[in-house]
Amino acid sequence: MVRICILRVSLVFAVILLLGKAPESNAEEGASVQQSITDAQAALRHRHYSQASRTLEDTLKRFPGNVQVRLELGRVYVYQRQDSRAMEVFRDVLRDDPSNREAKLELARVLSYHQKYEPANQLFRELLATNPNDEAAATGVVRNLLFQQKKDDARRAVEQALARHPNSLRLQEYRDTLLKNQLPLAASHEGNELNRLQADASYFSDTAGNRVLHAGQRFDLQLGRNLTNSFRLDEKSLWVSLGPTTKVFSINDEGRVRLASWLFVAGGAGIVRFADDSNRALYRGSLILHPFKRFWLQGGFSRIPITPTFQSAQFDLLAEGWWTRLDWQPRSWRVSADFSKQHYSDSNRTQREDAELLRWIGNLHFAVGLGYQYAHSSFAQTFSNGYFNPNQYHSHLGLGGFRFEVGKFYRGEYTAAYGAETVDQNPYQIAWEATAKNRLVLGKLEMGADYTYLHLAQATGAFRAQVGRVSVAYRF
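Residues numbered from 1 in each chain as written. Predicted model: local features only at pLDDT ≥ 70, side-chain atom pairs only at ≥ 80, totals over all residues. Heavy atoms only, no water.

The next point concerns the pairing of strand β1 (residues 196-206). Relative to strand β16 (residues 465-475), β1 runs antiparallel, the two sharing 11 bridges. Paired with S205 across the two strands is Q466, which belongs to β16. Examined bridge by bridge, β1 and strand β2 (residues 210-223) share 10 bridges and lie antiparallel to one another. Within β2, the residue paired with Q198 across the bridge is R218. (Pairing = 2+ DSSP bridges. Helix = DSSP H or I, 4+ residues; strand = E, 2+ residues; numbered from the N terminus.)

Turning our attention to the pairing of strand β12 (residues 393-406). Summarising the sheet, strand β11 (residues 366-379) and β12 pair through 12 bridges and their orientation is antiparallel. Note that in β12 the partner of G371 across the bridge is L399. Between β12 and strand β13 (residues 410-423), which pair antiparallel in sequence order, lie three residues; one of them, G407, sits at a positive phi of approximately 60 degrees.

L56, F90, L107, F124, V142 and V158 are the most contacted members of the largest nonpolar core, which totals 44 residues. Sort the elements by how many residues they give to this core and helix α5 (residues 101-113) lands first, with seven residues. Among residues more than four places away in sequence, those in contact with F90 are L71, G74, R75, V78, A103, E106, L107 and V110. (Core = buried A, V, L, I, M, F, W, Y, C linked by side-chain atoms within 4.5 Å. Buried < 20%, exposed > 50% of the residue type's maximum accessible area, 1.4 Å probe, protein only. Contact = heavy atoms within 4.5 Å.)

Scanning the model with the defined rule gives 20 aromatic pairs in all. The interplanar angle of 20 degrees and the centroid separation of 6.3 Å between the aromatic rings of F219 and F476 together place this pair among those described as stacked. Pair noted here: F219 is in strand β2 and F476 is in the segment after β16, with a separation of 257 residues, a long-range link. Take F219: its relative accessible area is 32%, and that puts it in the partly exposed class. Among the residues examined, F476 registers a relative accessible area of 33% and is labelled partly exposed. Note on F379 and Y387: the rings are 5.8 Å apart at their centroids and 45 degrees apart in plane angle, and the pair reads as tilted. Each member of the pair, F379 as well as Y387, carries the same accessibility label: buried. Sitting over the ring of F264, R256 keeps its end group 4.7 Å from the ring centre. (Phe/Tyr/Trp six-rings, centres within 6.5 Å; stacked < 30°, edge-to-face > 60°. Lys NZ or Arg CZ within 6 Å of the ring centre and 35° of its normal.)

For the structure shown, the criterion picks out 26 salt bridges. The salt bridge partner of R334 is E356, with a shortest N-O separation of 3.4 Å. Separated by 22 residues along the polypeptide, R334 in strand β9 (residues 333-344) and E356 in strand β10 (residues 349-362) bring together distant segments of the chain. For R334, a relative accessible area of 24% gives the class partly exposed. Three or more residues are tied together by salt bridges with common partners; here these are E72, R75, E102, E106 and R109. (Salt bridge = Lys/Arg side-chain N within 4 Å of Asp/Glu carboxyl O.)

Averaged over every residue, the pLDDT of the protein is 86; the share at 70 or more is 90%. Low pLDDT (under 50) marks residues 12-25, which in the prediction has zero contacts with non-local residues, meaning those over four places away or in another chain. For the stretch residues 182-192, pLDDT sits under 50, and the model shows 37 contacts to residues farther than four places along the chain or on other chains. (pLDDT = per-residue confidence, 0-100.)

Counting through the fold element by element, S395 comes out in strand β12. On the basis of relative accessibility, which here comes to 4%, the residue S395 falls in the buried class. Each residue touching S395, except ones within four places of it in the same chain, is listed here: Q373, Y374, A375, A420 and E421.

Our next topic: a nonpolar patch on the surface. A cluster of nonpolar residues, L223, L227, V257, L259, V265 and L287, forms a patch on the protein surface that exposes about 470 Å² of accessible area. If you trace the backbone, L223 turns up in strand β2. (Patch = residues over 30% accessible without salt bridge, like charges linked within 9 Å, V, L, I, M, F, W, Y side chains within 5 Å. Areas by Shrake-Rupley, 256 points an atom, 1.4 Å probe, with all protein chains shown as cover.)

With that settled, the discussion passes to the packing of helix α4 (residues 83-96) against α5. With their axes 9 Å apart at the nearest point, α4 and α5 run at an angle of 150 degrees to one another. Looking at the two axes, α4 sits roughly antiparallel to α5. Read as a crossing pair, α4 and α5 show a hand that is left-handed. Judged by residue contacts, D83, M87, F90, R91, V93 and L94 of α4 engage A103, K104, E106, L107, V110 and L111 from α5. Within the contact of α4 with α5, the residues separate by chemical class into eight nonpolar, no polar and four charged. (Axes fitted to C-alpha atoms, helices over the stretch in contact; angles between N-to-C directions. Parallel < 35°, antiparallel > 145°, perpendicular 65-115°, else oblique. Left-handed = near helix turned anticlockwise from the far one by under 90°. Nonpolar A, V, L, I, M, F, W, Y, C, P; charged D, E, K, R; others polar.)

On to unusual backbone geometry. At S347, a residue that is not glycine, the phi angle is positive and equals roughly 80 degrees. Here S347 shows up in the loop between β9 and β10. A relative accessible area of 39% means that S347 is categorised as partly exposed. A positive phi angle is found at D424, which is not glycine, with a value near 55 degrees. By the secondary structure assignment, D424 is in the loop between β13 and β14 (429-442). On the accessibility criterion, D424 (37% relative accessible area) is partly exposed.

Here's what the structure looks like:
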């Protein structure tokens, strides 16, 4: 009996100790998890995605059953464009808890990115069945129906959603889109588009015998939330038919600071080495305005080398002056305009204006474009220094073409421009060009192959030319 009593008392004490330590253990886990999530979110804000994923993966090893850490890790994988890993995480959470709203919502969003609209809609509707006031799920259904081109279903869904969420800006935007009978822009992952390594090469040839082989490497880097830096190396090899070759080498580095959500200041410097091994300084400063989405207005002062031909490369030419550029892409439109006024180092002066207006009609998978292109340039003097320098040059071209996508990995754009041009007040003559652009996207790797045939005036002075270009870019 004594032994039994002792055993019972020992068990009671053990239970009391365990019950006392359990809250302490839970409190320790909660504090550690919250700190890890806070650290990961801070890394995300600075676009340090690898650091964020490592932090959460380490925490998950210590607390493998913590749902909050698993969800945050899945979101980080989405930022890193590791969608298969993200979906695996969200599905694991749903296997343990089929009613988990966050996992269901995030999984539906990733499926939408991959154009798997039906399974995504099923998840969104399950969330709405549980809670008809779930604004995120309602928005997801409307967006998917738009991309599926089920406009009648999308109209009904957006009106039902707006009845419950009348102040939703996104739903109002979708309703406006339906009223205009247009499709929204493609959804994209939230991610860092600025960290990039790129290499490109182009080959130019014209009917005057000029040949140019250009190779460049570029490194773009995000430094914190408001600072970016771009470093570029360029090498040009120039020759005429089977003649000797000359090389021009340049280095440029430019930084850009974000002063406000709509205001940026950029500045850079570099150096160019000409064929005679002489070096010249290069520089660039600009002010960039971004007052609203898809609209950019920038201008500045710069010094750049002028080397369109083998002959021009012998004169160590530099152009210094003011420039401005406007880019506006409201939905299916593309509007751009350029203006520059420069002073050449051979005492010549030039002024240029270019503009392009293009309207795309169609959807994400296939669209037809129509537009107009204008170019004008003038020079104060006519030199024989190897660059095209008429007193006045004008061209007016009509644009047409089509673009299409194949899944998420290929985009093509084929355009042609046809019209007329005039040099030094001579009668207008027929001018045209045709361009083929191809983009292949494989995860973080993007490859391009472009070709252009030109039957209009070039900087070399020739009126027919061909340009081929290839590029490889890696985003991280």
